[in-house]
Every structure is written in structure tokens, then in C-alpha cells.
Amino acid sequence: MEDNLFDKEISVLNGVSKRRATLLQSELSLVTLDDLLHLYPYRYIDRTRFYKINQIKDDNLAYIQIKARVRTISEHGVGRAKRLNVIVADDSGVASMVWFGAVDYIKRRLEIDREYIFFGKPSFYNGVLNISHPEFDIPYFENNLNKPKVYGVYSTTEKLNKAGCNTKFIAGLVLGMWKLVYKNIQEFIPTEILKKYQLMSLAKALYNIHFPQSEPLLREAQRRLKFEEFFMVQLSLLNQKNIRIAKNKGLVFPILGDKFNTFYEECLPFELTNAQKKVIKEIRRDTLSGIQMNRLLQGDVGSGKTIVALI
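Basis of the calculations
- Residues numbered from 1 in each chain as written.
- Predicted model: local features only at pLDDT ≥ 70, side-chain atom pairs only at ≥ 80, totals over all residues.
- Heavy atoms only, no water.
- Pairing = 2+ DSSP bridges.
- Helix = DSSP H or I, 4+ residues; strand = E, 2+ residues; numbered from the N terminus.
- Phe/Tyr/Trp six-rings, centres within 6.5 Å; stacked < 30°, edge-to-face > 60°.
- Buried < 20%, exposed > 50% of the residue type's maximum accessible area, 1.4 Å probe, protein only.
- Lys NZ or Arg CZ within 6 Å of the ring centre and 35° of its normal.
- Expected span 1.5 Å × (residues − 1).
- Core = buried A, V, L, I, M, F, W, Y, C linked by side-chain atoms within 4.5 Å.
- Contact = heavy atoms within 4.5 Å.
- Salt bridge = Lys/Arg side-chain N within 4 Å of Asp/Glu carboxyl O.
- Patch = residues over 30% accessible without salt bridge, like charges linked within 9 Å, V, L, I, M, F, W, Y side chains within 5 Å.
- Areas by Shrake-Rupley, 256 points an atom, 1.4 Å probe, with all protein chains shown as cover.
- Arc of directions from axis to C-beta.

Peer 1: Can you walk me through the sheet that holds strand β3 (residues 83-89) in this structure?
Peer 2: In a beta sheet, neighbouring strands are held together by backbone hydrogen bonds and run either parallel or antiparallel to one another. One open sheet accounts for 7 strands, arranged β6-β7-β4-β3-β2-β5-β8; its pairing is mixed. What marks the edges here is a single partner per strand, and that holds for β6 (122-125) and β8 (135-136). Strand direction decides the pairing type here: strand β2 (residues 64-76) and β3, joined by 7 bridges, are antiparallel. Each residue of the ladder has a partner; that of Arg-69, found in β3, is Ala-89.

Given below as C-alpha cells:
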């Protein structure tokens, strides 16, 4: 990867003012494009299903998505109490979309007798389906990038939401960042390992973790990134082991001694299992190697770890 590009501050992205950049740093530790690239959604919303208005019987559903045509647009109240009420309909019934803020902005984006996709949490008022502050048209996924069917939800805080940095805003930042960096994402896991474990490429995994094209691709992306995390931990441990072996010599114990032999052959009141004998032999080889031993003895409760440690 080009370090200079990934090390650029997120303020290079559209919509990130100095104030927002400071807030994103303090609230989410987002400083660079690389930080944003690795800010993964904490959950996902399936946008593949569309409901008919008359299919929604109660408000127990977390989110719904409908295709409906705008019938009327009306404003109610004044000042801070001002709200926008939009009546929409499909071939099964009528619903009400309500906004209590940004009334003028929303009003400019809606047209009478035009069909939209509305998405939000359902509720009912006087028996009529209502959605407060629904999303519609999702304008930030464009420019020849396939629209995802499963949408990521990013962590935010109250301070971020008040500053307009909600999950939709962060998704927009991630998309803007992606357009800048995706050509520079380089694979670092060897090809033979990718093939052996049937892992998708890093670039494809990062794209699908942010903008899943399907649920199976999301699962593949998660598997690849989890594998990568464990792979790097193993490499780190192996590197530490090699450094320890190269720098630190171990004490050699060439003779077991009479006490050990007497205990093992005459005092041990039971026969060791094959697994216990195998581990003891491995430990014995380590004590003769001249290399520092670093072992974790692992087993179920009652499997005999204590007697192996004693011996």
C-alpha cells in the first residue's frame, strides 16, 4: 500500500470540516484514511425485502422498506415545531412519512406522483402506518459502484449525531475514502495460502465488509478478515519465538536423577495416559535442546495436567 495515501487525514474527504475531524478523532479515534478503512460496521440491515403497506400489521418490525408513490406533501406547525407530512401509497394501501427537522431540504427532494423507496421503523397512528424520518433513495451509493443489498451500521455517539455525523454520514465518508484508496490496496497473504483456505482477496473483503453485495459475500469477507487477524497473531508469536531462540540460550538438563526415576517407577499410583506420556517426552526433548522452553499445557478438567506439571 502507498503509506502516504493511507496516512492522509480524513479531512481530505468531502464533508469533513475541521470541527468534524476533531470530533471524529475524539469520539471514534478516526484520524487517517486507514483508520476509516478499518472502521467496520458493527451490524447490518437487510435491504433486499420490500413490504406492501397492507402487509405491515404492527410495529414489532425493526425496519421496513416499501416502494410507494407520493400523493400529497404538507407542512404543519411553525418554527421548531414545524413538521413535514408526506402521504404515500402503493397498490395495497396508504402510509404517512413524517419529518420533524430539515423540512425545507426534504421537501425539495420529493415530487408529487413520483415513486420512492422509503426505509425506516414503522409505527401506527390512528390505524395508519407511519414512518418517522425515513431514508429514501440512498443518494450516496452511486458512480458505477453497485448498490449494496445489505447495509452496514457504524458506531456513533450522541455528540457525533448532534454534529450530523450519523451512521449514514460515516457510510458516505467510507465510500468517498474507498474511491481514493481501493486501487492501492495490496494483498499481503501469499497466494498459496489464499487458495488453500479459499479466502477472498483483501480488497474484495474490505469492500464487502463495508458494502456487502450479498449475505454470502459478507460472510466470506468476515471470514477472510478474521483469518487475517489470527494469521498476523501467529506470525508475531513465531517471530518472537525465533528472536528468543536466537538471543537466549536455555539451560540443559542432561540427567533425570534418582528421585525422578524412583517417583515415576515406584511411587506413581496409576498408569499415565498415552497423551500424558507424549507430552512428557516432548518436554524432556526441550530440556535437552539448549533452547529456552515456552509451553502451554492445555487440557480439560481432570485430564491430568497437574501430574504432568509435577513430573
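Peer 1: How do you make sense of the packing of aromatic side chains when you look at a structure like this?
Peer 2: For any two aromatic rings, the description comes down to two numbers: the centre-to-centre distance and the angle of the planes. For the coordinates displayed, the defined rule picks out 11 aromatic pairs. Between Tyr-63 and Phe-119 the ring centres are 5.4 Å apart and the planes differ by 10°, which places this aromatic pair in the stacked class. Highlighted residues: Tyr-63 in the loop between β1 (43-46) and β2 and Phe-119 in strand β5 (residues 115-120), separated in sequence by 56 residues. An angle of 45° between the planes, with centres 5.1 Å apart, marks the rings of Tyr-197 and Phe-227 as tilted. A residue pair is termed long-range when its members are at least 10 positions apart, and Tyr-197 in the loop between α7 (191-196) and α8 (202-210) and Phe-227 in helix α9 (residues 215-247) qualify at 30 residues. For Phe-227, a relative accessible area of 22% corresponds to the partly exposed category. The ring of Phe-188 is capped by Arg-224, whose NZ or CZ atom sits 5.9 Å from the centre of that ring.

Peer 1: How should I be thinking about helix α6 (residues 167-181) in this particular structure?
Peer 2: An α-helical turn contains 3.6 residues, so any two residues separated by three or four positions project in the same direction. The end-to-end C-alpha distance of α6, which contains 15 residues, comes to 21 Å, matching closely the 21 Å that a straight helix rising 1.5 Å per residue would cover. Of the residues making up α6, those classed as buried are Phe-169, Ile-170, Ala-171, Leu-173, Val-174, Leu-175, Met-177, Trp-178 and Val-181.

Peer 1: Where do I start with the nonpolar core in this structure?
Peer 2: One broad trend across soluble globular proteins is that nonpolar side chains are buried collectively. Counting residues in each nonpolar core, the largest one holds 39 residues, and the members touching the most others are Ile-10, Leu-13, Leu-24, Leu-36 and Met-177. Counting residues per element, this core draws most heavily on α6, at 9 residues. If we ignore the near neighbours within four places in the chain, the residues touching Ile-10 are Val-16, Leu-24, Leu-30, Val-31, Thr-32, Leu-33 and Leu-36. Grouped together as the second largest cluster of nonpolar side chains are 21 residues, Val-70, Val-86, Val-88 and Phe-136 included.

Peer 1: Looking at this structure, I do not really get the pattern of salt bridges. What am I missing?
Peer 2: Two side chains with opposite charge may pair up if their charged atoms get near one another. Considering all chains together, one arrives at 12 salt bridges under this definition. Salt-bridge contacts for Lys-82 lead to Glu-75; the nearest nitrogen and oxygen are separated by 3.0 Å. Residue class for Glu-75 comes out partly exposed when judged on its relative accessible area of 32%. Between Lys-162 and Glu-158 there is a salt bridge, with the nearest N and O atoms lying 3.4 Å from each other. Of this pair, Lys-162 and Glu-158 both sit in helix α5 (residues 158-162), 4 residues apart, which is roughly one turn of the helix. As far as the burial class goes, Lys-162 and Glu-158 line up, both exposed. Here the residues in one salt-bridge network are Glu-75, Lys-82, Asp-104 and Lys-107, joined through shared partners.

Peer 1: Please explain unusual backbone geometry as it appears in this structure.
Peer 2: Note: most peptide bonds trans; most residues except glycine with negative phi. Of note in this structure, Ser-29 is not a glycine but carries a positive phi near 60°. When you line up the elements, Ser-29 lands in the loop between α2 (18-28) and α3 (33-37). Phi at Asp-113 takes a positive value of approximately 70°, unusual for a residue other than glycine. Tracing the chain through its elements places Asp-113 in the loop between α4 (103-109) and β5. For Asp-113, a relative accessible area of 54% puts it in the exposed group.

Peer 1: Whenever I open this one, a nonpolar patch on the surface confuses me. Can you help?
Peer 2: Together, Phe-188, Met-232, Leu-235 and Leu-238 line one region of the surface with nonpolar side chains, adding up to about 350 Å² of accessible area. With respect to the helices and strands, the residue Phe-188 is situated in the loop between α6 and α7.

Peer 1: Just to check I follow, could you spell out the environment of Glu-9 for this structure?
Peer 2: Relative to the elements of secondary structure, Glu-9 occurs in the loop between α1 (3-6) and α2. For Glu-9 and Leu-256, which are 247 residues apart along the polypeptide, the C-alpha to C-alpha distance reads 61 Å. Excluding its chain neighbours within four sequence positions, the residues that come into contact with Glu-9 are Val-31, Thr-32 and Leu-33.

Peer 1: What should I look at first to understand the pairing of strand β7 (residues 128-132) in this one?
Peer 2: For a regular strand, side-chain orientation follows a simple rule: the groups alternate between the two sheet faces. As judged from the 4 bridges shared by strand β4 (residues 94-99) and β7, these two strands associate in the parallel manner. By the bridge assignment, Ser-96 is partnered in β7 with Asn-130. Here β6 pairs with β7 via 4 bridges, running antiparallel. When the sheet's bridge partners are listed, Tyr-125 is paired in β7 with Val-128. Turn length for the β6-β7 hairpin, with the two strands adjacent in sequence and antiparallel, is 2 residues, and the turn residue Asn-126 shows positive phi of about 55°.

Peer 1: When you look at α2 in this model, what are you seeing that I'm missing?
Peer 2: All of the buried residues along α2 are Ala-21, Leu-23, Leu-24 and Leu-28. Looking straight down α2, one finds that the buried residues subtend no more than 165° of arc, so they occupy a single side. Across from the buried face of α2, at angles greater than 90 degrees, the exposed residues are Lys-18, Arg-19 and Ser-26. On its buried face, α2 sits against α5 and α6. Just beyond α2, the residue with positive phi is Ser-29, at close to 60°.

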